[in-house]
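So the chains spell out like this:
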Amino acid sequence: MDGCGERRVKVGDLVKYDVPASKSVGMIVAELPAALTERDFGPMGEWDDALLGTAAVSVLWCTGDFTERVPPRTLEVISESR
């Protein structure tokens, strides 16, 4: 858990991304350091400025899709890795 009482996601965790327009389940496959520049995580138009300086994770979704930088705060852990 981090200082806010929220558990930090880690490689191997099964996670759920659940928003009104999209629902998916996936597995954390990598932890990534904070993105500090546009070069670190692609065109700024695709990301919220608040993500600068925020660590992220890579997720392999059950659909077979792969997402490189996902903010952990958008994910819910449904099964922890051991």
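Preceding block: the structure.
Analysis parameters
Residues numbered from 1 in each chain as written. Predicted model: local features only at pLDDT ≥ 70, side-chain atom pairs only at ≥ 80, totals over all residues. Heavy atoms only, no water. Pairing = 2+ DSSP bridges. Helix = DSSP H or I, 4+ residues; strand = E, 2+ residues; numbered from the N terminus. Axes fitted to C-alpha atoms, helices over the stretch in contact; angles between N-to-C directions. Patch = residues over 30% accessible without salt bridge, like charges linked within 9 Å, V, L, I, M, F, W, Y side chains within 5 Å. Areas by Shrake-Rupley, 256 points an atom, 1.4 Å probe, with all protein chains shown as cover. Salt bridge = Lys/Arg side-chain N within 4 Å of Asp/Glu carboxyl O. Core = buried A, V, L, I, M, F, W, Y, C linked by side-chain atoms within 4.5 Å. Buried < 20%, exposed > 50% of the residue type's maximum accessible area, 1.4 Å probe, protein only. Contact = heavy atoms within 4.5 Å.

1. Looking at the pairing of strand β1 (residues 14–19)
The pairing of β1 with strand β2 (residues 22–32) spans six bridges and is antiparallel. Within β2, the position partnered with Val15 by the bridge is Gly26. In this structure, the hairpin formed by β1 and β2 is closed by a connection of two residues. Two strands pair when backbone bridges link them, and β1 and strand β5 (residues 76–79) are joined in this way by three bridges, in the antiparallel orientation. Paired with Val15 across the bridge in β5 is Val77.

2. Quick word on the sheet that holds β2
Ordered by their spatial adjacency, five strands build an open sheet running β4-β3-β2-β1-β5, and the pairing between neighbours is antiparallel. Bordering the open sheet on either side are β4 (66–70) and β5, each of which pairs with just one other strand. Adjacent strand axes in the sheet meet at a mean angle of 40°, parallel and antiparallel pairs treated alike.

3. Quick look at a nonpolar patch on the surface
Taken together, Leu14, Val25, Met27, Val29, Leu60, Phe66 and Ile78 make up a surface patch of nonpolar side chains, about 550 Å² in accessible area. Sorting elements by how many residues they give to the nonpolar patch places β2 first, with three residues.

4. Considering the nonpolar core
If you look at the biggest cluster of nonpolar residues, it comprises eight residues: Val9, Val15, Ile28, Val57, Val59, Trp61, Val70 and Leu75. Tallying contributions element by element places strand β3 (residues 56–61) first for this core, with three residues. With near-sequence residues (within four places) excluded, Val59 lies in contact with Val15, Gly26, Met27, Ile28, Val29, Asp65, Phe66, Thr67, Val70 and Leu75.

Without other data, these values stay purely geometric and don't point to any function.
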